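Report on the structure
Listed below are the residues making up each chain.
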There are 2 protein chains.
Amino acid sequence: MERNLATTIFESLASGVRLDVFRLLVKKGAEGLVAGEIASTLELPPTNLSFHLKALTQAGLLTVTQEGRFQRYRANIPLMLELINYLTEECCAGHPEQCADLRAASFCADAVLPVESADSPTEIQQGDSA
Amino acid sequence: MERNLATTIFESLASGVRLDVFRLLVKKGAEGLVAGEIASTLELPPTNLSFHLKALTQAGLLTVTQEGRFQRYRANIPLMLELINYLTEECCAGHPEQCADLRAASFCADAVLPVESADSPTEIQQGDSA
DNA sequence: TTAATAATTCAACTATTGTTGTATAGTTAA
DNA sequence: TTAACTATACAACAATAGTTGAATTATTAA
């Protein structure tokens, strides 16, 4: 993982609103939520939520699939695992075995599989188009 | 973990400088480094490094012990574990067993034990004095 | 005590981020 | 096509974070 990506991910979680959004979507797992459901659950104005969803999605922490007029968001758990691996590289002064448990952790790996839908949703990659 | 602490931790890692500092100290493990060693390793002006060390320490990610005229910094790995647990609470829509591996991870747990020193260093708790 | 060293604090400036209201793009149904 | 709805993009302002140099505190050694 590149340093810039890591700082972007941390920055995208350095806001109470975005942290609430990400944790909510981690809880929902593979089901995810559409933007309106997130807004009503967290009681946020749509404009403000959109701002934060964009930040999280551009950091790669969320994926988006379009379902008709809805946008469904899901947490990108594998990216979180990569981030943790980045933090623990060459960990503990030459004793990497101390980190083995964490580095091998699976962390909800199935949470990124998209749910089947009648609208045959299309993946939207908003990675780093900025 | 409280939400404010979590966002403070993420914010403290949302800077390239602070991320470099934290990863460097994770690599050093229980040995840690004094401020001057960090400054020379990362080629940072002491004033700027001090600013970032303060942010990391106030977030709880670093611990400081005084050794004579030196300040030795170490990474606080258990806090990182708490943070990961906070992210995975009620994970994956009622299937918490999918996260079991990560939540049980030990992640360099011995990295916080202070190294013995002739100066009998004293713990300095800079947690939330602000 | 005096000088040298390690690290931090303070103040000023620059740069970036967060919030809100309004306007726009795309989707659905009559 | 028109109207209603979902969600995002844009622009303006308010608030916060980052960097630097000079001054300060604390420790060590002569």
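A quick note: this is a predicted structure, and the numbers were derived from the prediction, not measured. (Residues numbered from 1 in each chain as written. Chains lettered and ligands numbered in written order. Predicted model: local features only at pLDDT ≥ 70, side-chain atom pairs only at ≥ 80, totals over all residues. Heavy atoms only, no water.)

What follows concerns the overall build of chain A. Regarding its fold elements, chain A presents six helices and four strands. What you see in chain A, going N to C, is helices and strands ordered as α-α-β-α-α-β-β-α-α-β. Within chain A, buried positions represent 46% of all 130 residues. Intrachain contacts of chain A at a sequence separation of at least 6 include 64% that bridge at least 24 residues. For chain A, the accessible area works out to roughly 6,300 Å², and carbon and sulfur atoms hold 50% of it. (Helix = DSSP H or I, 4+ residues; strand = E, 2+ residues; numbered from the N terminus. Buried < 20%, exposed > 50% of the residue type's maximum accessible area, 1.4 Å probe, protein only. Contact = heavy atoms within 4.5 Å. Areas by Shrake-Rupley, 256 points an atom, 1.4 Å probe, with all protein chains shown as cover.)

If you check the shell around DNA strand C, you find 21 residues, and the closest are T47, H52 and R69 of chain A together with G36 and Y73 of chain B. Take the atoms of DNA strand C that sit within 4 Å of the protein: sugar and phosphate atoms are 81% of them. Breaking the surface near DNA strand C down by element, the ones donating at least two residues are α4 (46-59) of chain A together with α3 (35-42), α4 (46-59) and β3 (70-75) of chain B. Here the surface near DNA strand C takes five residues from α4 of chain B, the largest share from any one element. Of the residues in the surface near DNA strand C, the class split is seven nonpolar, nine polar and five charged. (Near = heavy atom within 4 Å. Nonpolar A, V, L, I, M, F, W, Y, C, P; charged D, E, K, R; others polar.)

One broad rule of soluble globular proteins: the nonpolar side chains tend to lie buried together. Counting 64 residues, the largest nonpolar core has V21, F22 and I38 of chain A together with V21, F22 and I38 of chain B as its most contacted members. Sequence-distant contacts of V21 of chain B, defined by excluding residues within four places in its chain, comprise I38, L42, L49, L53, L56 and L62 of chain B. (Core = buried A, V, L, I, M, F, W, Y, C linked by side-chain atoms within 4.5 Å.)

On to the protein's contact with DNA strand D. In the region of DNA strand D, 21 residues are neighbours, and G36 and Y73 of chain A together with T47, H52 and G68 of chain B sit closest. A distance of 3.4 Å separates a base nitrogen of DNA strand D from a polar side-chain atom of T47 of chain B. Contact distances for DNA strand D include 3.3 Å between a phosphate oxygen and a side-chain N or O atom of N48 of chain B. Counting residues per element, the ones that place at least two in the surface near DNA strand D are α3 (35-42), α4 and β3 (70-75) of chain A together with α4 of chain B. (Polar contact = N/O pair within 3.5 Å; in protein donor to acceptor, adjacent residues only side chain to side chain.)

Within helix α1 (residues 3-12) of chain A, the full set of buried residues consists of A6, T7, I9, F10 and S12 of chain A. Looking at the buried positions of α1 of chain A, the neighbouring elements they touch are α2 (16-28), α4 and α5 (77-87) of chain A together with α1 (3-12) and α2 (16-28) of chain B.

Of note, A6 of chain A is situated in helix α1. On a C-alpha basis, the gap between A6 of chain A and Y86 of chain A in space is 8.1 Å, while along the polypeptide they are 80 residues apart.

Residue and element names in this part refer to chain B. Turning to its location among the elements, V21 is positioned in helix α2. Looking at V21, the relative accessible area reads 0%, which means it is buried. Sequence-wise, V21 and H52 are 31 residues apart; in three dimensions their C-alpha atoms are separated by 8.5 Å.

Taken as a whole and judged by the stated rule, the model has one aromatic pair over all chains. Here R23 of chain A stacks its cationic end above the ring of Y86 of chain B, 3.7 Å away from the centre of that ring. (Phe/Tyr/Trp six-rings, centres within 6.5 Å; stacked < 30°, edge-to-face > 60°. Lys NZ or Arg CZ within 6 Å of the ring centre and 35° of its normal.)

Okay, the packing of α1 of chain A against α5 of chain A next. Residue and element names in this part refer to chain A. Relative to each other, α1 and α5 sit at 115°, their axes nearing to 11 Å. As α1 runs across α5, the sense of the crossing is left-handed. Residues R3, L5, A6, I9 and F10 of α1 touch α5, and the partners they reach there are L79, L83, Y86 and L87. Residue composition of the contact of α1 with α5, by class: eight nonpolar, no polar and one charged. (Axes fitted to C-alpha atoms, helices over the stretch in contact; angles between N-to-C directions. Left-handed = near helix turned anticlockwise from the far one by under 90°.)

Residue and element names in this part refer to chain B. Here two bridges tie strand β1 (residues 33-34) to β3, and the two strands are oriented antiparallel to one another. Paired with V34 across the bridge in β3 is R72. Both strand β2 (residues 62-67) and β3 contribute to a ladder of six bridges, which runs antiparallel. Among the inter-strand pairings, T65 is bridged to a residue of β3, identified as R72. In textbook terms, the turn of a hairpin is the stretch between consecutive antiparallel strands, and for β2 and β3 this stretch comprises two residues, one of which, G68, has a positive phi near 60°. (Pairing = 2+ DSSP bridges.)

Glancing now at the confidence of the model for chain A. All names here are of chain A. Summary statistics for chain A give a mean pLDDT of 77 and a share of 71% for residues scoring 70 or more. Taking the mean pLDDT of every element in chain A, the minimum, 40, falls on strand β4 (residues 122-124) and the maximum, 95, on α1. Predicted confidence for residues 100-106 stays below pLDDT 50, and this span has 17 contacts to residues more than four positions away or in other chains. For the stretch residues 109-130, pLDDT sits under 50, and the model shows 41 contacts to residues farther than four places along the chain or on other chains. (pLDDT = per-residue confidence, 0-100.)

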